[in-house]
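Structural overview
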Amino acid sequence: MDEKTEKRPFDKKAWRKKQYDKKSRIDAWQGQRKAHMTTKYKRMLKKEKPQGLDVQKIYSEDKNPNLLPLGGSDKPVNNSADGNSSLEKSSSGQSKPWLKKKSSFQKAQQKYTEKKSAKEKKIEEAQQRRAEREAKLKIYREKKNKRSKVMNARTKKGQPLMGDRIQLLLEKIQASST
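Residues numbered from 1 in each chain as written. Predicted model: local features only at pLDDT ≥ 70, side-chain atom pairs only at ≥ 80, totals over all residues. Heavy atoms only, no water.

Details of the pattern of salt bridges
What counts, and what does not: What makes a salt bridge here is a side-chain nitrogen of Lys or Arg within 4 Å of a carboxyl oxygen of Asp or Glu, nothing more. In DSSP terms, a helix is any run of H or I states spanning at least four residues, a strand is any run of E spanning at least two, and both are numbered starting from the N terminus. Each residue gets one of three labels from its accessible area relative to the maximum for its type: buried under 20%, exposed over 50%, partly exposed in between, using a 1.4 Å probe on protein chains only.
Across all of its chains, the model carries two salt bridges by this definition. D27 is the partner of K23 in a salt bridge, and the nearest nitrogen-oxygen pair spans 3.8 Å. Here D27 and K23 lie together in helix α2 (residues 22–48), a separation of four residues that amounts to about one turn. The class of D27 is partly exposed, set by a relative accessible area of 41%. A salt bridge links E171 to K146, with the shortest nitrogen-to-oxygen separation between them at 3.9 Å. With E171 in helix α6 (residues 162–177) and K146 in helix α5 (residues 104–152), this pair connects stretches of sequence that are 25 residues apart. A residue is classified by how much of its surface remains accessible, and K146, at 47% relative accessible area, is partly exposed.

The following block contains the structure:
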């Protein structure tokens, strides 16, 4: 047999030390804490690091001379007959929707609102089912109480009152026939 395939004997003393010794537990906790802090630090550095050129920022700056018309004026040239140029439309906020992408925060916010509305809808449905169940139970209990009163009604001598019992049987037969 190889040394790798041989199973080492169980060291109970080492296991107990690892399991119950305060120093070893603190060392394990510190190791986990250190790993967590390093990942957090790396994440922070990644966020601070610039992610290349921001094209939208470059084009949105009005001071860029390459984006101004050749006439030297600050306003774009109006060539259309109705007074609205295509440049004015795009700069007035009516940009194309596929150009604007949602940020991760906006996506998360939208996902949260969807989850919240779904949860509220689920709660409302549960409340409605509960109210229906309670209404049915109330009707059932009233019917049961009425029947038990009739069945438990007795004369002074303890004999059952047959008239009300026969009335219940009649109602039962009528309900089953319809």
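Remarks on a positive patch on the surface
Worth spelling out the cut-off: Candidate patch residues must exceed 30% relative accessible area and have no salt bridge, after which like charges are joined if within 9 Å and Val, Leu, Ile, Met, Phe, Trp or Tyr side chains if within 5 Å. Only the protein chains shown count as cover for residues, with accessible areas throughout obtained via the Shrake-Rupley method and a probe of 1.4 Å. Note on charges: Lys and Arg go in the positive column, Asp and Glu in the negative column, and His and the chain ends are not counted at all. Each charge is placed at NZ for Lys, CZ for Arg, CG for Asp and CD for Glu.
Together, K122, R129, R130 and R133 give the surface a local cluster of positive charge. Mapped onto the fold, R133 is located in helix α5. A residue is classified by how much of its surface remains accessible, and R133, at 52% relative accessible area, is exposed.

Things to note about the packing of aromatic side chains
For the record, the criterion: Under the pairing criterion, centres of Phe, Tyr and Trp rings, with the six-membered ring standing for Trp, must be within 6.5 Å; the plane angle then separates stacked pairs below 30 degrees from edge-to-face pairs above 60, leaving the rest tilted.
Taken as a whole and judged by the stated rule, the model has two aromatic pairs. Taking the centre distance of 6.4 Å and the plane angle of 50 degrees together, the rings of F10 and W15 count as tilted. On the accessibility criterion, W15 (38% relative accessible area) is partly exposed. Plain terms: the ring middles of W15 and Y20 are 6.0 Å apart, the flat faces sit at 90 degrees to each other, and that makes the pair edge-to-face. Relative accessible area serves as the criterion here: at 59%, Y20 is assigned to the exposed category. Taken together, the ring pairs in this structure connect F10, W15 and Y20 into an aromatic cluster.

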